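Chain by chain, the residues:
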Amino acid sequence: MSVLNVLSPSPDFRIRRRKNHLRLLSDFIVIAIVYVFSTLCCQRELNQINTLIIIGLLLVWYFSSKFIKIYDDFRFSLFTDELLSLLPNLIVQLVVLSISLFLLDDHFHARTFTVIYATTLMVTVGFKMYFTRSLLLYWYARGINQKKVIVVGDFSSVHEFIELIQKKPQSGYKIAGARAHDFVKNEKSTLQETLNFLKNTPINEVDELVIAIQKFSETYVAGLIEWADKQGVPVKFTPGFFQLNASRYSFELFGQYPLVTVRSTLLDLNYWQGVKRAFDAVFSICFLLLIASWLFPILALAIKINSKGPVFFIQGRWGQKGKIIKVWKFRTMYHGASTVKKEGGFSQTTSNDPRVTRVGQFLRKTNLDELPQFINVFLGSMSVVGPRPHATKHSEETLPLIDNYMIRHRVKPGITGWAQVNGYRGETHEIGLMRKRVEYDIWYIENWSLLLDIQVIFKTVYNMMKGEPQAY
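So, how was this worked out
- Residues numbered from 1 in each chain as written.
- Predicted model: local features only at pLDDT ≥ 70, side-chain atom pairs only at ≥ 80, totals over all residues.
- Heavy atoms only, no water.
- Helix = DSSP H or I, 4+ residues; strand = E, 2+ residues; numbered from the N terminus.
- Buried < 20%, exposed > 50% of the residue type's maximum accessible area, 1.4 Å probe, protein only.
- Contact = heavy atoms within 4.5 Å.
- Areas by Shrake-Rupley, 256 points an atom, 1.4 Å probe, with all protein chains shown as cover.
- Axes fitted to C-alpha atoms, helices over the stretch in contact; angles between N-to-C directions.
- Parallel < 35°, antiparallel > 145°, perpendicular 65-115°, else oblique.
- Left-handed = near helix turned anticlockwise from the far one by under 90°.
- Expected span 1.5 Å × (residues − 1).
- Bend = angle between axes of the 7 residues up to and from the residue.
- Phe/Tyr/Trp six-rings, centres within 6.5 Å; stacked < 30°, edge-to-face > 60°.
- Salt bridge = Lys/Arg side-chain N within 4 Å of Asp/Glu carboxyl O.

Asker: Whenever I open this one, the overall build of the protein chain confuses me. Can you help?
Answerer: Counting its regular elements, the protein chain contains 15 helices and eleven strands. Within the span of the protein chain, comprising 472 residues, buried residues form 46% of the whole. For the protein chain, contacts bridging at least 24 residues in sequence account for 74% of all contacts bridging at least 6. When the accessible surface of the protein chain is split by element, carbon and sulfur atoms take 63% of a total near 25,700 Å².

Asker: What is the right way to look at the environment of Asn 89 in this model?
Answerer: Here Asn 89 shows up in helix α4 (residues 86-103). Between the C-alpha atoms of Asn 89 and Ile 70, which are 19 residues apart in sequence, the distance is 9.1 Å.

Asker: It is not clear to me how the packing of α4 against helix α5 (residues 110-141) should be interpreted in this structure. Could you clarify?
Answerer: Geometry of a packed helix pair, given as the angle between the helix axes and the separation of the axes. The contact between α4 and α5 brings their axes to 10 Å, and the two run at 155 degrees. Taken together, the axes of α4 and α5 lie roughly antiparallel to each other. Crossing hand, α4 versus α5: right-handed. Taken together, the residues of α5 that come into contact with α4 (itself represented by Leu 86, Leu 90, Gln 93, Leu 94, Leu 97, Ser 98 and Leu 101) are Ala 110, Phe 113, Thr 114, Tyr 117, Ala 118, Leu 121, Met 122, Val 125, Gly 126 and Met 129.

Asker: Got a minute to help me understand helix α14 (residues 431-446) in this structure?
Answerer: Along an α-helix, residues three or four apart share an orientation, since each turn contains 3.6 residues. The terminal C-alpha atoms of α14, which comprises 16 residues, lie 23 Å apart, in line with the 22 Å expected from a rise of 1.5 Å per residue. Taken together, the buried positions of α14 are occupied by Met 434, Arg 437, Val 438, Asp 441, Ile 442, Tyr 444, Ile 445 and Glu 446. The secondary structure elements touched by the buried residues of α14 are α9 (270-306), β10 (383-385), α12 (392-398), α13 (418-421) and α15 (450-466).

Asker: In this structure, what is going on with unusual backbone geometry? I would like to understand it.
Answerer: Across the chain, the bulk of peptide bonds are trans and the bulk of non-glycine residues have phi less than zero. In the Ramachandran plot, Gln 43 falls in the positive-phi region, its phi being about 55 degrees despite a non-glycine side chain. By secondary structure assignment, the location of Gln 43 is in the loop between α1 (13-41) and α2 (48-68). Phi is positive for Asn 367, which is not a glycine, with a value near 65 degrees.

Asker: For this particular structure, what's the right way to read α9?
Answerer: Its 37 residues give α9 an end-to-end C-alpha distance of only 46 Å, which falls more than 12% under 54 Å, the value for a rise of 1.5 Å per residue. The largest bend along α9 measures about 60 degrees and falls at Ala 292.

Asker: Hey, could you run me through the packing of aromatic side chains in this one?
Answerer: The description of an aromatic ring pair rests on the distance of the ring centres and on the angle between the ring planes. One pass over the structure, following the stated rule, counts 14 aromatic pairs. With centroids separated by 5.7 Å and ring planes inclined at 35 degrees, the aromatic side chains of Phe 279 and Phe 283 adopt a geometry described as tilted. A residue pair is termed a helical-turn pair when its members lie 3 or 4 positions apart in one helix, as Phe 279 and Phe 283 do in helix α9 at four residues. Taking 5.1 Å as the distance between ring centres and 20 degrees as the angle between the ring planes, the aromatic pair formed by Trp 418 and Trp 443 counts as stacked. Of this pair, Trp 418 sits in helix α13 while Trp 443 is found in helix α14, placing the two residues 25 residues apart along the sequence.

Asker: Can you help me understand the pattern of salt bridges in this one?
Answerer: Note on pairing: side chains with opposite charge can pair once their charged atoms come close. Enumeration over the complete set of coordinates arrives at ten salt bridges. Put simply, Lys 329 and Asp 369 hold a salt bridge, and the shortest N to O gap is 3.2 Å. Here Lys 329 is found in strand β9 (residues 324-330), whereas its partner Asp 369 is found in the loop between α10 (358-366) and α11 (373-379), with 40 residues between them in sequence. Accessibility classification places Lys 329 together with Asp 369 in one group, the buried group.

See the structure below:
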C-alpha cells in the first residue's frame, strides 16, 4: 500500500473563484472602449442612445458568453479552440448592432462604423484573451492559483495521474494528498481504508477529489462520492473505459443517465458542421470563379490533345457514412484502361504505370487532377479537407483488414487530408501503410478545427510546389 500526503494552505482560493468574473468584466470594458473608439473614428455623435446601445451589447455579450461557455477553464484547451469560440459572440454582436442601427434609422456611416466596431473588437478581445491566457498559465506553472487535489485509486492510475500533473505544471493542479491500493482486498475494506485516510485530511484545504481507477467499482466510487458530497468537495474520476483506443470523449446527461461519446469530435455538433460547410462553400465558389474558370479549359485542351476520351473521369467512391458518391477528376489514364487486376482485385496506380498518359503524369505529380472535386465540394458531397475517398472496390477490400476503417467515414471526404500532407498518399501496397493513413484520418476527425483545415490547405499548396515522391 502506498500513501502520499502533502498538505499546504490555499490563500489563492478567492482568486480562483473570481478570475472568470474578472475576465468577463475586462471584456465589458473592452466592448465599451471599442464602441466609443469606433464612434469617434466615424465622427458620429455620442449621446444617450449610444449609452443604451452599449448596455444592450454588454447584455448580449453576457448571455451569449454564458451559452457558449467561453469563460470555462482553459488549462488543457488549445488557444485556437478558445479563439474560435469567440466567433459566435462576435457574430451576435455584429447582428445586434446592425439591427439596432436599422431600427433607429441611423444611416450616418453605419456600414463603416459596424465594420470598424466588429474588426476592432475581434482583434482587441483576441489579443486580450491571449495575454490573459499567457499570464494565467505563467501563474499556474509557478504554483499560483492552483487547484489542490487529493488522488485516490489503484497503483498504476494514481501514479500516472500524478506523473501527468508533474509533467504539466501549466494544468494548475497540485497534489494535496494521494492514496493508492491494488484492489486485492474486499471492496468495502478498501473503501473504509480510503475514507479513514480522507478523514485525516483538512478538507477546507482541498479543492477536488480525483478517483483514478482502471476497473470500475460501484461500491468504491459510490462510497467516495457520498463522502465528498457531505464535505462539499467536487469529484472527478477516470473510469476504465478510457483505456479504449480513442483520444477524445464527451459527456452528456440523458434524463438521469450519463452518456459518454467515444471519439468525440466538434463535427458531431450541428454548429461546427455548419461552420465547416460554410467555409467549404465559400472556398469552392471562390476557386471555381477565380481559378477554375481559366485553368480548367487549358487542362481540358491538353488532355484532349494528348489522348482520346472524355476530359473528366467520374468514379464511384465511398463518402460520408459509406454512401456512394460520384467523384470528379481530370482523366489521367488512357480511355478504357482497367482498374481491376487479372486475379480480380483493385489495381492501384503505381510508379511508371503504363495506363497513365503523359499529361496524366503531370496532373498526378502536381495534384491538378483532383481539382474538379471542388465541384463535389460545392454540391456538398465532399469537403475541402477530410479523409481522402477511396474507390469502392478498394474500400471493400480494405474494410475487413482494418477494424476501425469506417471511422474515417464519419465525416465528408476531402480533396486533401491530414494523412496526405504527412506523407501517406498514393499507392498503399502494404496494409501497414493503409493503417497509418487511417490513423492520421482518425486523428484529424477527433482533433478537427477550422484552423487545422487552413493549415492542411497551406501545407498541400506547399507540397504541390515542391513536388511529392508518392504522387504518381
